[in-house]
Amino acid sequence: MARLTSDFWVSAYLRQAGLEGLVAVLRRRGAREAGAIFVKLDRLDGTAALYGPAPQALAEDDGERRFQLLLDADPLAVEDRVDRELRFDGDLWLVEIENRAGDPRLLLVES
């Protein structure tokens, strides 16, 4: 099954977060068709998490994007990890969402 393009998926994710009363912003626009999507979760309590694409081995054939937790730490450590990811892949997307409940609103795999 075909997957949604990165720009379409990010647009839908941002819209859904807004409908749920959450603040979510696009911090970096990546490659339109297939740029990797990273989501930074700010819990607004001095902690943050970074989610990235799940490895292909954990993906399913249903076309859904799945994510894995890459780092759960303080916001500065998460920003350092984002910087490293950007040096590796300049075409990535970065979305930031604020949610005190700690729910990134993503389909997650167990890592």
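Before reading on, note that the structure itself is shown above.
> What's the story with the overall build of the chain in this structure? I'm lost.
Check the secondary structure of the chain and you find two helices and five strands. Along the chain direction, N to C, the helices and strands of the chain fall in the order α-β-β-β-β-α-β. For 111 residues, the compact-globule formula gives about 13 Å, and the C-alpha radius of gyration of the chain, at 13 Å, lands near that figure. For the chain, the spread of C-alpha atoms along the principal axes amounts to about 40 × 35 × 25 Å. For the chain, the proportion of its 111 residues judged to be buried stands at 39%. Pairs at least 24 residues apart make up 70% of the contacts formed inside the chain by residues separated by at least 6 positions. Carbon together with sulfur atoms contributes 50% to the accessible area of the chain, which is approximately 6,500 Å² in total. One way to put it: in the chain the 15 positive side-chain charges average out to a point 3 Å from where the 21 negative ones average out.

Cut-offs applied
Residues numbered from 1 in each chain as written. Predicted model: local features only at pLDDT ≥ 70, side-chain atom pairs only at ≥ 80, totals over all residues. Heavy atoms only, no water. Helix = DSSP H or I, 4+ residues; strand = E, 2+ residues; numbered from the N terminus. Rg over C-alpha atoms; globule rule 2.2 N^0.38 Å. Buried < 20%, exposed > 50% of the residue type's maximum accessible area, 1.4 Å probe, protein only. Contact = heavy atoms within 4.5 Å. Areas by Shrake-Rupley, 256 points an atom, 1.4 Å probe, with all protein chains shown as cover. Lys, Arg positive; Asp, Glu negative; His and termini not counted. Charge placed at Lys NZ, Arg CZ, Asp CG, Glu CD.

The values reported here are purely geometric and, on their own, carry no functional implication.
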